[in-house]
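Structural characterization, general
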Amino acid sequence: FRMTWDIGLIMPFLLYLTIVMPFRLCFANEAPQFTIFYWFEFMIDMVFIMDIFFNFRTGLIIDLSDDPAAVAANGIGEGDLEIVEYDRWRVAVSYFQSWFFLDVISGIPFALLELLMANSNPGALKGAKILKLLRFL
């Protein structure tokens, strides 16, 4: 499931954002509200938020090839010896130490925030949208 999710959904969305986002940021050309592009980009934001939750449920690959005891116990020579760790705590700690904060910051649904803050200051979030570029890391 995870490979299909990443290759079939996340990669095409990243490709779309790679093309469209620089244009939108440089020329201040946002998708008009409630058009098909607006809802498509909103859906992309929601998929990236769902991806954060999926990352907590994905196994963690641990390389044991540097551990002589593990190599000896499995009866193989020096080489690739990897296991998949599904312990939720270890997966969460690893994700927090790696990509979690970048994923959260880049996954902020600015379209939703603009709708909620429409009456206060409509231009307040324009500069913060540059944080979406963190998705490309």
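1. A short note on the overall build of the protein chain
- Scanning the protein chain for helices and strands turns up six helices and two strands.
- The helix and strand sequence of the protein chain, counted from the amino end, reads α-α-β-α-β-α-α-α.
- Within the protein chain, the fraction of its 137 residues that count as buried is 31%.
- Within the protein chain, contacts between residues at least 6 apart in sequence are counted, and of these 65% link residues at least 24 apart.
- Of the roughly 9100 Å² of accessible surface on the protein chain, 69% is carried by carbon and sulfur atoms.

2. Overview of helix 1 (residues 2–27)
- If you check helix 1, its first and last C-alpha atoms are 35 Å apart, about what 26 residues at 1.5 Å a residue would give, namely 38 Å.
- Listing the buried residues of helix 1 in full gives R2, W5, I10, F13, L14, Y16, L17, V20, M21 and R24.
- Against helix 2 (36–56) lie the buried residues of helix 1.
- Positioned one or two residues after helix 1, A28 has a phi angle of 50°, which is positive.

3. Some words on the pattern of salt bridges
- The full count for this structure, using the stated rule, is three salt bridges.
- D6 is the partner of R2 in a salt bridge, and the nearest nitrogen-oxygen pair spans 3.3 Å. With R2 and D6 both in helix 1 and four residues apart, this pair spans about one turn of that helix.
- Residues joined by salt bridges that share partners form a network here, namely R2, D6 and D51.

4. A closer look at the packing of aromatic side chains
- Under the definition given, this model contains 16 aromatic pairs.
- Taken together, a centroid distance of 5.0 Å and an interplanar angle of 90° make the contact between Y16 and F40 edge-to-face. Here Y16 is found in helix 1, whereas its partner F40 is found in helix 2, with 24 residues between them in sequence.
- Judged by relative accessible area, which is 18%, Y16 ranks as buried.
- The partly exposed category is assigned to F40, whose relative accessible area is 30%.
- Residues Y95 and F100 carry aromatic rings whose centres are separated by 5.6 Å and whose planes lie at 80° to one another, so their mutual orientation is edge-to-face.
- The buried category is assigned to Y95, whose relative accessible area is 6%.

5. Regarding helix 4 (residues 88–97)
- Within the sequence span of helix 4, burial applies to V91, A92 and Y95. Take helix 4 and look down its axis: the buried residues cluster within an arc of 95°, on one side only. Facing away from the buried side of helix 4 by over 90 degrees, the exposed positions are W89 and Q97.
- Considering only its buried residues, helix 4 is in contact with helix 2, strand 1 (60–63), strand 2 (82–85) and helix 5 (100–106).

Definitions and cut-offs
Starting afresh in each chain, residues are numbered from 1 along the sequence in its written order. It should be noted that, the model being predicted, local features are given only for residues of pLDDT at least 70 and side-chain atom pairs only at 80 or more, the latter also being counted only at that level, while totals for whole chains, interfaces and linings use all residues. To get the side-chain values, take all heavy atoms of the structure and skip hydrogens and water. Note on conventions: DSSP H or I runs of at least 4 residues are helices, E runs of at least 2 residues are strands, and numbering of each starts at the N terminus. Three labels apply to residues, based on accessible area from a 1.4 Å probe with only protein chains included: buried if under 20% of the type maximum, exposed if over 50%, partly exposed otherwise in between. In this description, contact between two residues means that some pair of their heavy atoms is separated by no more than 4.5 Å. Here the open area of atoms and residues is found with the Shrake-Rupley method and a 1.4 Å probe, where only the protein chains shown may cover a residue. The span one expects for a helix is its residue count, reduced by one, times 1.5 Å. For this document, the term salt bridge refers to a Lys or Arg side-chain nitrogen within 4 Å of an Asp or Glu carboxyl oxygen. Two rings belonging to Phe, Tyr or Trp (six-membered ring only in the last case) form a pair when the distance between their centres is within 6.5 Å. Interplanar angles under 30 degrees mark stacking, angles over 60 mark edge-to-face geometry, and anything in between is tilted. This arc corresponds to the set of directions leading from the helix axis out to the C-beta atoms.

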